[in-house]
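# Fold and contact review
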Amino acid sequence: MKHIISFLMLCFLFSLLAGCQNQKNETTFIITSEQIKQLSEQDLMAIGAQSCAQSDKRSVIANENSWLYKKLEMLTQTLPKQVNNIEVTYKVYLNTDPNAWSTVNGCIRINSGLMKLLSDNELQAVLAHEQAHIALKHAIKSFRLAPYVEIVNDDIIVLIKEDIAQQYEFEADHYALDLLIRENINPMGLVTMLKKMPIHSTKKITSHPSNTKRIDRILDRLSSK
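Worth saying up front: this structure is predicted, and the values here are computed from it rather than measured.

## Digging into helix H10 (residues 211–223)
- In a regular helix each residue adds 1.5 Å, so 13 residues correspond to 18 Å; H10 covers 18 Å between its end C-alpha atoms and thus fits that length.
- Tucked into the core, H10 has its buried residues touching helix H6 (120–135), helix H8 (162–182) and helix H9 (189–196).

The following block contains the structure:
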């Protein structure tokens, strides 16, 4: 049934999209704000699932016998298995870029570069932050607020105002902090993780606040607990 839904979703999307090919031979589709209004939350979930599946297909994934897979499995044992009644799925990409991301359908992916950079506690903080984006439906809200959505090949690019994108990051940090405390995981991993991280960037959000601002807000919230 999942394959049928994905196929129908793609047919629906391509019936809405206006496409063109640029000089780099990339196929670009635009979903206008009016077309976005026609998409239900379930439609956006299906788009997230399709985006995750395409990313998995293009990437090299750590197998079940690797230390990366076993470490990720261990780290997730004390984190919620479901968010908003959606099962969370994890995979490690063999990629040196220190990055992690999530989609609204519960897909969380983390690169091996980040696994090697951070401690176990810091990695749990990253995973809690990605769960927060799912729980707070930031991807869905971004779609709703975007003037348009661009799909370049299989990459979905959602453009929203910088202040909103930054607010989502602060909200995700605060949610992650509360989650870590609730699960008896050291919340300082959020702070030490950010101290190690390079400037964070993603195609799905226009801009992140500085790590210093994020750390200050986390510490302020922690001191009020």
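## Here's the deal with the nonpolar core
- Residues Ile110, Leu114 and Leu190 are the most contacted members of the largest nonpolar core, which totals 34 residues.
- At the level of secondary structure, the elements contributing two or more residues to this core comprise helix H4 (67–75), strand E5 (89–93), strand E7 (107–111), helix H5 (112–117), H6, H8, H9 and H10.
- Per-element accounting of this core gives the leading share, seven residues, to H6.
- Those residues in contact with Leu190 that lie beyond four places of it in its chain are Ala125, Asp173, Ala176, Leu177, Leu180 and Ile218.
- Residues Ile36, Leu39, Val149 and Ile151 belong to the second largest nonpolar core, which totals 17 residues.

## Concerning the packing of H6 against H9
- Viewed as axis vectors pointing N to C, H6 and H9 meet at an angle of 95°, and their least axial separation amounts to 8 Å. With respect to H9, the element H6 is oriented roughly perpendicular. Where H6 approaches H9, its residues Asn121, Glu122, Ala125 and Val126 are matched on the opposing element by Gly189, Leu190, Thr192, Met193 and Lys196.
- The residue inventory of the contact of H6 with H9, partitioned by class, reads four nonpolar, three polar and two charged.

## What about the sheet that holds strand E6 (residues 100–102)?
- Strand order in the open sheet made by the three strands is E5-E7-E6, with mixed pairing throughout. Of all strands in the sheet, those bounded by a partner on one side alone are E5 and E6. This sheet shows a mean twist of 15° between the axes of neighbouring strands, independent of strand direction.
- Strands in contact with H6 are E5, E6 and E7; relative to E6, the strand with the most contacts, it is inclined by about 25°.

## Brief notes about the state of the cysteines
- This model, assessed by the stated rule, comprises one disulfide.
- In this model Cys52 forms its disulfide with Cys107; the gap between the sulfur atoms is 2.1 Å. Since a negative S-S torsion denotes a left-handed disulfide, the Cys52-Cys107 link at about 70° is right-handed. Here Cys52 is found in helix H3 (residues 41–58), whereas its partner Cys107 is found in strand E7, with 55 residues between them in sequence.
- Under the relative-accessibility criterion, Cys52 is labelled buried at 4%.
- When its relative accessible area of 1% is taken as the criterion, Cys107 is described as buried.

## Describing helix H7 (residues 138–145)
- Of all the positions in H7, only His138, Ile140, Ser142 and Phe143 are classed as buried.
- Tucked into the core, H7 has its buried residues touching helix H2 (33–37), H3, H6, strand E8 (148–152), strand E9 (155–158) and H8.

## Here we look at the confidence of the model for the chain
- For the chain, the mean per-residue pLDDT works out to 84, and 83% of the residues sit at or above 70.
- Taken as a whole, residues 1–22 scores under 50 in pLDDT and shows 31 contacts with residues more than four places along the chain or in a different chain.
- Long-range and interchain partners of residues 200–206, a stretch whose pLDDT sits below 50, account for 20 contacts in this model, where long-range means more than four residues apart.

## Here's the deal with the packing of H4 against H6
- In contact at an axis separation of 10 Å, H4 and H6 are set at 70° when each is read in the N-to-C sense. On the basis of their axis angle, the class for H4 and H6 is roughly perpendicular. Mapping the contact onto sequence places Lys71, Leu72, Met74 and Leu75 in H4 and Asp120, Leu123, Gln124 and Leu127 in H6.
- Taken together, the residues of the contact of H4 with H6 break down into five nonpolar, one polar and two charged.

## What about the environment of Val104?
- Looking at the secondary structure, you find Val104 in the loop between E6 and E7.
- Each C-alpha atom, one on Val104 and one on Gly48, is 5.9 Å from the other, the two residues being 56 residues apart in sequence.
- Here Val104 is in contact with Leu44, Met45, Ile86, Ile134, Ala139 and Ile140, once residues within four sequence places are set aside.

## A few points about the pattern of salt bridges
- Applying the stated rule across the entire model yields nine salt bridges.
- In this structure, Asp56 and Lys91 form a salt bridge, with 3.4 Å as the shortest nitrogen-oxygen distance. Placement of Asp56 in helix H3 and of Lys91 in strand E5 is noted, with a sequence separation of 35 residues between them.
- Using a relative accessible area of 32% as the deciding quantity, one classes Lys91 as partly exposed.

Parameters at a glance
Every chain is numbered on its own, with residues counted from 1 as its sequence reads. Two thresholds apply to this predicted model, a pLDDT of at least 70 for residue-level local features and 80 or more for giving and counting side-chain atom pairs, whereas whole-chain, interface and lining totals are computed over all residues. Hydrogens are left out, water is left out, and the side-chain values use all remaining heavy atoms of the structure. In this text, helices come from DSSP runs of H or I with a minimum length of four residues, and strands from runs of E with a minimum of two, each type numbered from the N-terminal end. The span you would expect from a helix comes to 1.5 Å times its residue count less one. Two residues qualify as a contact provided that any one of their heavy atoms is within 4.5 Å of a heavy atom in the partner residue. Among buried residues, the Ala, Val, Leu, Ile, Met, Phe, Trp, Tyr and Cys ones that are joined through side-chain atoms within 4.5 Å form a nonpolar core. Remark: exposure states derive from per-residue accessible area (1.4 Å probe, protein chains only) relative to the maximum for the residue type, with buried under 20%, exposed over 50%, and partly exposed in between. Lines fitted to C-alpha atoms define the axes here, with helix axes fitted over just the stretch in contact, and angles between the N-to-C directions of these axes take values from 0 to 180 degrees. An angle counts as roughly parallel when it lies under 35 degrees, as roughly antiparallel when it exceeds 145, as roughly perpendicular when it falls between 65 and 115, and as oblique in every other case. Think of it as three bins: nonpolar holds Ala, Val, Leu, Ile, Met, Phe, Trp, Tyr, Cys and Pro, charged holds Asp, Glu, Lys and Arg, and polar takes everything else, Gly as well. Strand pairing requires that DSSP identify at least two bridges connecting the strands. Any two cysteine sulfur atoms within 2.5 Å of one another count as a disulfide. A residue's pLDDT is the predictor's confidence in that residue, given on a scale from 0 to 100. Only one rule defines a salt bridge in this text: a Lys or Arg side-chain nitrogen within 4 Å of an Asp or Glu carboxyl oxygen.

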